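Chains, contacts and geometry: an overview
In case you want the letters, here they are:
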Amino acid sequence: MTVLLEVKNLRVTFGGGRKQIQAVNDVSFSVGEGETAALVGESGSGKSTIGRSMLGLVRPSSGTVLYKGQDMIEGWRRRRHEFARQVQAVFQDPNSSLNPLMTIGQILDEPLRAAGQMSRKNAAARVREMLDAVGLPHGAQARYPAEFSAGQRQRVAIARALVLSPRLVVCDEPVSALDLSTQAQVINLLSTLREQTGVSYLFISHDLPVVRHLADNTVVLYRGQVMEAGPAHDVADAPLHPYTIALTAASPVIDVDKQQERRERRRESTAVRADLPLDVPGCPFSARCPFTADVCISTRPRPVPKGASTVVCHLYDPQSGHPRSGHGVPASRPPAAPGAM
Amino acid sequence: MMMPAAEETSSVPRRGLATRTFRQPRACLSAGWLVLLVLASVILPLTGLLHPLTQNPAAILQPPSSAHWLGTDDLGRDILARLIYGARDALALSLEVVAVSVIVGAPLGLWAGFGSRWGDWISARFADLMLAIPGIIVLLAVVTIVGNNMPTTMAVLGVLVSAGIIRLVRACTQAAVKELYVDAARVSGLSGRRIAFRHVLPNVAGPLIVQASTIAAISLLTLTGLQFLGLGPNPPTPSWGGLVAEASANIYRQPWMMVPSGLAVILTVLAFNQLGDALRDALAGPGRSSLLAPARNAVAEASRRTAEANRRAGSRQPADSDAALIVKGVSVTAPLNGGTVTLVDQVNLTVAKGETVGIVGESGCGKSMTALAILGLLPSNVTFASGAVIIGGEDLATMTDNQRRRTRGTRIASIPQEPMTALDPNFTVGKQLTAPARRLLGLTRGQAREEALRLLHEAGIVSPETVFRSYPHQISGGMAQRVCIAQALIGKPEVLIADEPTTALDVTVQAEILDLLRGLQREMGMAIVLVTHDLGVVADICDRAMVMYAGQIVETAQTRQLLSTPAHPYTLSLLDSVPSRTNRGTTLPTIAGTIPRPEKWPISCRFADRCPLVRDACRTQPIPLIRTTGGAYSRCIRTGELRQPGTLPAGSELEVFEH
C-alpha cells in the first residue's frame, strides 16, 4: 500500500508565554492509499487540532506533514486550490458547516468554480452526480440548508467534500451530532463512497464502536500524545495501553449484564491520583493510571511494538525501569471483552 | 442507489428578505413616502409646471389654496415647489453620507475582522479618532474652507460617521469567520477575497443595511441643521433647512409656513428609521416571532389556566406509598400557524423511590419536553395542555407558580445537560451552593458553607475547598457536572430529573458521573428520571425505560427486557443501528426516513411510514399501548412477531419480523 499522508513529529502550540498549551505533542502516523485511519481520543486530546492542521486551518509549530511526498503545510499556504482538489473535509456540525444563505446547488458548485477548469455545464452535471451519490433528490439544488434535517445536511457536506474527487477526506466527528438512526445512514454512506471512489479517510472520533466499524487503523491520543496505535480491531477488542483499556471500559455496552461486568472492570482500570500533577514530563496518563510508578512521572515512554500495534507505555518496554517493565497490563484482569461495546 | 431513499424534507418556504420586509405595513408606508419624494423631485422639474423661484407679490404668505396647495412664502413663491426642489438635495446628500461611510467603513471593518493584526489596529485607531473628534466643529470648519459646497461637507460627515460602520462590520466579520462553513470554504480552495465576498459579506449585509438607514436619518437632520444656520446653498435656491429658516422668520405672520417643511423633515427621518426597523425585524427571521407575539402567549396562558381550573376539580390524588413520582396523561402543545400542535401526547409514567427510569428517543421525539413538563419549566410559547404530575400526593401541575417554586429543590430538582452554561460565571461555586442551601434549609452562613463542602465531597470532588473557591470557568466540564449534582441535592429532593446529564461529557467522565448518581441514589433513595438518547447509558443505570417516538411512548419495559427482546419495531431498529460487532465495509441496518414534523403526526401509528412491519390496520386507527409479556407495553399491533435485535447477518436489508 502506498503511503498517501505521512505525519512526523507534529507539534501544535497555542498561546504564548506562560499560558502556552501543547495541543499536539510529537505525534506521528501515516495513512495509506485507500485506507481509513482513525484518531481517537477525548476532548483535549488534540485530535481535531491534528485534523485542522492537515487542512491548513491550523499552523503546526514543528514537524512535517507529507502528502504524496510533498510538504502539505506549505502547500496549503501557497497552492491552496491545488491541495483542495486532493484533500477535503467533513466537519462535525452540519448546521454551521453549510452557509445558510446559499442553496445546496451553490454550495456544491463552489469548490468546482474555485478549482476552475470545468465548464458550467459539466459542473452542473457533476453536482447532480454528487446528489445521486449521497442519496438526495436533484430538486435539493434550489433549496437552502435550513430546509433539510441534520442527516441530510451532513449528506450535503459529504457531497461537497467529494465533489472535487479528492484522495483524502478529513472527517472530523462527522456523525457525533447525529441521531442514532441517522448516524448509521451516514456511516453507511461514508463506507459506500469509500468503496466506489477509493478515497482515504482520516476519521476523527471519540466513539470507539464507530471507529472500529469504519477504520483500518486507529491512533489513540491523550492530552496531545499518542498512547497506542494499531489495527482498529486490535485496538478496540484487545487494547494494550492502560488509557485505551480505560476508554474501552468506559464506553457503555447496550446490554445490562455485559455493562455491569464492564463497569466493574472499569473501576479496576482507573485510578484518580489527586496527589499527582496533571502536567508531568513523563506519561500524560500517569495521574489517572492504576499502574503509575516513579518512571511514569519522570520519563516519557518510548513507542514499543507489540503484535501489529505500537504502544507508548513503560509497562511494555523491557528497559523502562518500571517495576512491571516488559510485562504489560497484568493478566489477572480480564482483557476487554472482544467487540462488546 | 444503495442508500435508503431520501428522507422526507421539510418544506418550509423560505421567503426573501424583501418579501418579509414589505409584509410589514410600516415598511410599505415608509418606502412609499421616500419613493413619492424621489418621483416628485425628478418629475416636477421636467413638467415645468411649478417653479420654486417664481415670485408672486400679489400672493404672499398665503395659506393652502387650490392655486398653491401648500401656500406661499413671503415673496409669494409656491412652498410645494420649493419643498420638492429641495427634496432632491436633502435625499441625495443624505444618501451621499451613507455611501461614503459604507465605502470607507466596510472595507476597513472587513480588514479588521479578518484577523489581520495590522488591519485591526489601524481600523480600531481610525474609528477611535473619528469618534473622538467633535463632529459639528469639524463640519463648521469644513464649511468655512469649502464655502457652501454641501457635497464636500457631507462627504466629511460620511467619514466621521464611518466609525460605527467599521465597528459593526468588524464584529459581524469576526462572527462569520468563526463559522465552520468559512473553514469549509478555505478547504475548498477559495481565495480570501472570494470568501470575503461570498461567505462573509452576505452576513454583514443585513446589519449594515439597518445601520445605513440610521445614518441616513442622522445625516438628513444634520444637513437640515446646517442649512437652517445658513450654511446650505445660497438663497434663493430652495433647501429644506432653508425653508425651515424662512418659516421661522415669518412665524408670527404666517405660522402655517412651518408645517410643510417641518413635516417633510420629520416624515422623511421617520421613514428612514422605520424602514431600518422593518428590515431589522425581517432579518431577525421567524425565530424572533415567538418573542414578538405576546398576544398569542396570552391566549396560551389563558387556556392553561382554564385547563388547570378544570383539573383542580378532581385533583386530590391518593398518595401512593411506593411511587415517588406519578405522571398521568401529560400532554404538551405549542402554537403553530394559528392552530396548535401536540408535542407530547398523553405520557404516563410512575417512578418508585430509589428507581431510575430512562426516557429514550431521538431528537424531536418529545423526551426533553416531557422532562420540562414534569419540572414545570416549559418554554413560554409551549403549553401544559393536560395531565397531572404528582409528587408526595400533591399535583404540581395545578399549583400556582409560587407553590411550585417551593417544591423546587426539596421535592423535585434537575441536573442540566450542559453544566458549564448552567453555572453562573459571575459567582464562585461556593456562592452558588451556599445561597440555595441557606434558602432551602434555612442555614446560617457558616452552616451553609459546611453543607456545601460536604455535598461537594459527596459528589466525588477530591478537593472540595479548592472547588468551593473556584469560578465555573476554572473547573472542567466533569467537575462542573459534579457541582450541579451537588447543587441539585441540597434540598434532598424526592425526584431528580436529569436531562442528558452526560451527553456533553467524555465517556470516561460520563462513566464516573453515572457511578456517582448510582451511589447517591443508593444513599438517599431518590427517584431519578433520566432523559437520554444513548442506549448504553440506559443499560448502565436505568431500571426501566420508556422509548418515545413522535411525542408518544411507544414502548416501556424493564431495561434488560427492552434491550434484549424489544417489543416495538422502532426500539428494535434503534438497537440494530448501533455499530457493535460489525466489520469494516459491512452495512449497518438503518431506519429509512426521519421522524415526521409534529404537524404531520397521524392519529394512527406514527412510525408506520418507516416501519417494515406496516399493515393497513396500522394506518387506520390510533394504536393503544398494548401489554406484552413481563409487564411491558408496546404501541404496536404486531408486537408478538418481532425478532431479536442483532440476529440478522450484517449487511442484509433490514427486515424487522421473524421469517
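If you're wondering where the values come from, they're calculated on a predicted model, not measured in any experiment. (Residues numbered from 1 in each chain as written. Chains lettered and ligands numbered in written order. Predicted model: local features only at pLDDT ≥ 70, side-chain atom pairs only at ≥ 80, totals over all residues.)

1. Side note on the overall build of chain B
The following threshold applies: In DSSP terms, a helix is any run of H or I states spanning at least four residues, a strand is any run of E spanning at least two, and both are numbered starting from the N terminus. Note on contacts: each residue gets a C-beta atom placed from the backbone, and two residues are in contact if those atoms are within 7 Å.
Along chain B, the regular secondary structure elements total 22 helices and twelve strands. Look at the contacts in chain B between residues 6 or more apart in sequence, and 67% of them connect residues 24 or more apart.

2. Considerations on the overall build of chain A
What counts here: For the radius of gyration, the atoms used are the C-alpha atoms, and the globule rule reads 2.2 Å times the number of residues raised to 0.38. Partly exposed residues are those falling between the two cut-offs: more than 12 but fewer than 20 other C-beta atoms within 10 Å of their own, whereas 20 or more means buried and 12 or fewer means exposed, with C-beta atoms placed from the backbone.
Along its length, chain A carries twelve helices and twelve strands. For chain A, whose C-alpha radius of gyration is 21 Å, the value lies close to the compact-globule estimate of 20 Å for 341 residues. When the backbone C-alpha atoms are referred to their principal axes, chain A occupies close to 70 × 50 × 40 Å. Relative to its 341 residues, chain A shows a buried fraction of 53%. In chain A, the share of contacts with a sequence separation of at least 24, taken over all contacts with a separation of at least 6, comes to 62%.

3. Topic: the packing of helix α6 (residues 150–177) of chain B against helix α8 (residues 192–228) of chain B
Residues and elements named next belong to chain B. Going by this rule: Between N-to-C directions, angles span 0 to 180 degrees; the directions come from axes that are lines fitted to C-alpha atoms, helices contributing only their stretch in contact. With respect to orientation, any angle under 35 degrees is reported as roughly parallel, any angle over 145 as roughly antiparallel, any angle of 65 to 115 as roughly perpendicular, and every other angle as oblique. Each crossing gets its hand from how the near helix is turned against the far one by less than a right angle, where anticlockwise is left-handed and clockwise is right-handed. Any residue that is not Ala, Val, Leu, Ile, Met, Phe, Trp, Tyr, Cys, Pro, Asp, Glu, Lys or Arg is counted as polar, Gly included; the first ten are nonpolar and the last four charged.
Contact pair α6 / α8: the axes reach a minimum separation of 9 Å and the direction vectors enclose 155 degrees. When the axis of α6 is compared with that of α8, the two are roughly antiparallel. For the element pair α6 and α8, the recorded crossing hand is right-handed. Here M154, L157, V161, G164, I165, L168, V169, C172, T173, A176 and V177 of α6 come into contact with α8, specifically with H199, V200, N203, V204, P207, L208, Q211, I215, I218, S219, T222 and L223. Taken together, the residues of the contact of α6 with α8 break down into 16 nonpolar, seven polar and no charged.

4. Describing the domain arrangement of chain B
How big an interface is tends to be expressed through the accessible area that disappears when the partners come together. Rules: Residue ranges assigned to the domains are those given by an automatic or database domain assignment.
Per the domain assignment, the segments of chain B are domain 1 (17–286), domain 2 (300–404), domain 3 (412–541) and domain 4 (563–641). Summarising the inter-unit geometry, the C-alpha centres of domain 3 of chain B and domain 4 of chain B are found 35 Å apart.

5. Observations regarding the sheet that holds strand β7 (residues 168–172) of chain A
Residues and elements named next belong to chain A. To keep it simple, the criterion reads: We treat two strands as partners when DSSP finds at least two bridges between them.
Across the sheet, eight strands lie side by side as β6-β7-β8-β3-β9-β10-β12-β11; this open sheet has mixed pairing. Lying at the two open borders of the sheet, with one neighbouring strand each, are β6 (87–90) and β11 (303–306). Neighbour to neighbour, the strand axes of the sheet diverge by 20 degrees on average, direction disregarded. As paired elements, β7 and strand β8 (residues 200–205) share five bridges and run parallel to each other.

6. Let's talk about the pairing of strand β10 (residues 225–231) of chain A
Residues and elements named next belong to chain A. Counted residue by residue, β10 has six buried out of seven residues, so it is predominantly covered. Pairing between strand β9 (residues 217–222) and β10: six bridges, direction antiparallel. When the sheet's bridge partners are listed, N217 is paired in β10 with P231. What sits between β9 and β10 in their antiparallel hairpin is a turn of two residues, with R223 showing a positive phi close to 45 degrees. The sheet contact formed by β10 and strand β12 (residues 309–312) spans two bridges and is antiparallel. Counterpart to E228 in the pairing with β12 is V311.

7. Some remarks on the interface of chain A and chain B
Each side of the interface is counted separately: chain A has 65 residues, and chain B has 59 residues. Of the residues forming the side of chain A that touches chain B, the biggest block, ten residues, is contributed by helix α7 (residues 180–197) of chain A. Across the side of chain A that touches chain B, the residue classes break down as 32 nonpolar, 20 polar and 13 charged.

8. Examining the environment of B:S41
All names here are of chain B. Position of S41 relative to the elements: it lies in helix α2 (residues 25–47). Given 19 C-beta atoms within 10 Å, S41 falls into the partly exposed group. C-alpha of S41 to C-alpha of G519: the two residues are 478 residues apart in sequence and 81 Å apart in space.

9. Details of unusual backbone geometry
One non-glycine residue, A:S165, lies in positive phi territory at about 50 degrees. As for its position among the elements, A:S165 is in the loop between α6 (150–162) and β7. Looking at A:S165, the number of C-beta atoms within 10 Å reads 13, which means it is partly exposed. For B:E500, which is not a glycine, the phi torsion comes out positive at approximately 45 degrees. When you line up the elements, B:E500 lands in the loop between β7 (495–499) and α19 (507–524). B:E500 gets classed as buried once you count the C-beta atoms within 10 Å, which come to 20.

10. A word on the domain arrangement of chain A
Residues and elements named next belong to chain A. According to the domain assignment, chain A contains domain 1 (3–222) and domain 2 (238–341). Taken over C-alpha atoms, the centre of domain 1 sits 31 Å from the centre of domain 2. With four residues of domain 1 at the contact, the number on the domain 2 side is nine residues. Those elements giving two or more residues to the side of domain 1 that touches domain 2 turn out to be α8 (208–214) and β9. Of the residues belonging to the side of domain 1 that touches domain 2, the class tally is four nonpolar, no polar and no charged.

11. Focus on the sheet that holds strand β4 (residues 383–391) of chain B
Residues and elements named next belong to chain B. Strand order across the open sheet formed by four strands is β2-β1-β4-β5, with antiparallel pairing between neighbours. Two strands close off the open sheet at either side, each with one partner strand: β2 (339–352) and β5 (394–395). Examined bridge by bridge, β4 and β5 share two bridges and lie antiparallel to one another. By the bridge assignment for β5, I391 is matched with E394.

12. Brief notes about helix α7 (residues 180–187) of chain B
Given 3.6 residues per turn, any residue in an α-helix points the same way as the ones three and four places further on. Among the eight residues that make up α7(B), seven are buried, leaving the element largely enclosed by the rest of the structure. At its buried positions, α7(B) is contacted by α3 (80–84), β6 and α6 of chain A together with α6 and α8 of chain B.

13. Some points on the pairing of β8(A)
All names here are of chain A. Stated formally: Looking down the strands as they point away from the viewer, one classifies a crossover as right-handed if the path from the first strand across the helix to the second runs clockwise.
Of all six residues in β8, six are buried; the element is thus mostly enclosed. Neither face of β8 is exposed, since S200, L202 and I204 on one face and Y201, F203 and S205 on the opposite face are all buried. Relative to β8, strand β3 (residues 36–40) is paired through five bridges, and the arrangement is parallel. For A37, the partnering residue across the bridge sits in β8 and is L202. For the crossover from β7 across α7 to β8, the handedness is right-handed.

14. So, the nonpolar core
For clarity, the cut-off: By convention in this section, buried Ala, Val, Leu, Ile, Met, Phe, Trp, Tyr and Cys residues joined through C-beta atoms within 7 Å make up a nonpolar core.
Of all hydrophobic cores here, the largest spans 279 residues; its most connected members are A:A159, A:L202, A:F203, A:V219, B:V332, B:V495 and B:V529. With 19 residues, helix α3 (residues 79–113) of chain B is the single largest residue contributor to this core. When near neighbours in sequence (up to four residues on either side) are disregarded, B:V529 contacts B:L325, B:V351, B:V357, B:I359, B:A371, B:I374, B:V495 and B:I497.

15. A look at the packing of α3(B) against α8(B)
Residue and element names in this part refer to chain B. One way to put it is that α3 packs onto α8 with a least axis distance of 8 Å and a crossing angle of 140 degrees. Crossing angle aside, the handedness with which α3 passes α8 is right-handed. Residues A90, L93, S94, L95, V97, V98, S101, V102, A106 and L110 of α3 touch α8, and the partners they reach there are A196, V200, L208, A212, I215, A216, S219, L220 and L223. Split by residue class, the contact of α3 with α8 holds 16 nonpolar, three polar and no charged.

16. Describing the confidence of the model for chain A
In low-pLDDT segments, the atomic positions of the prediction should not be examined closely. Quick reminder of the rule: The pLDDT score gives, residue by residue, the confidence of the prediction method on a 0 to 100 scale.
Per-residue pLDDT for chain A averages 89, and the proportion of residues at 70 or more is 95%. With pLDDT under 50 throughout, residues 334–341 of chain A is counted as low confidence; its partners more than four residues away or in other chains account for 22 contacts.

17. Here we look at helix α4 (residues 104–115) of chain A
Where α4(A) is concerned, the buried positions are A:I104, A:I107, A:L108, A:D109, A:E110, A:P111, A:L112 and A:A114. On its buried face, α4(A) sits against α3, α5 (120–133) and α6 of chain A together with α8 of chain B. Looking at the residues trailing α4(A), positive phi occurs at A:G116, about 70 degrees.

18. So, the environment of A:N9
Residue and element names in this part refer to chain A. Position of N9 relative to the elements: it lies in strand β1 (residues 3–14). N9 sits in the exposed class, given 12 other C-beta atoms within 10 Å. Between the C-alpha atom of N9 and that of G63, which follows or precedes it by 54 residues, the distance is 4.7 Å.

19. Topic: the confidence of the model for chain B
All names here are of chain B. For chain B, the mean per-residue pLDDT works out to 85, and 89% of the residues sit at or above 70. Across residues 1–14, where pLDDT falls below 50, the model places 30 contacts with residues more than four positions away in sequence or in other chains. Note that residues 286–307 has pLDDT below 50 and, in this model, twelve contacts with residues that lie over four places away or in other chains. Overall fold confidence for the complex sits at a pTM of 0.81, while the interface term, ipTM, reaches 0.87.

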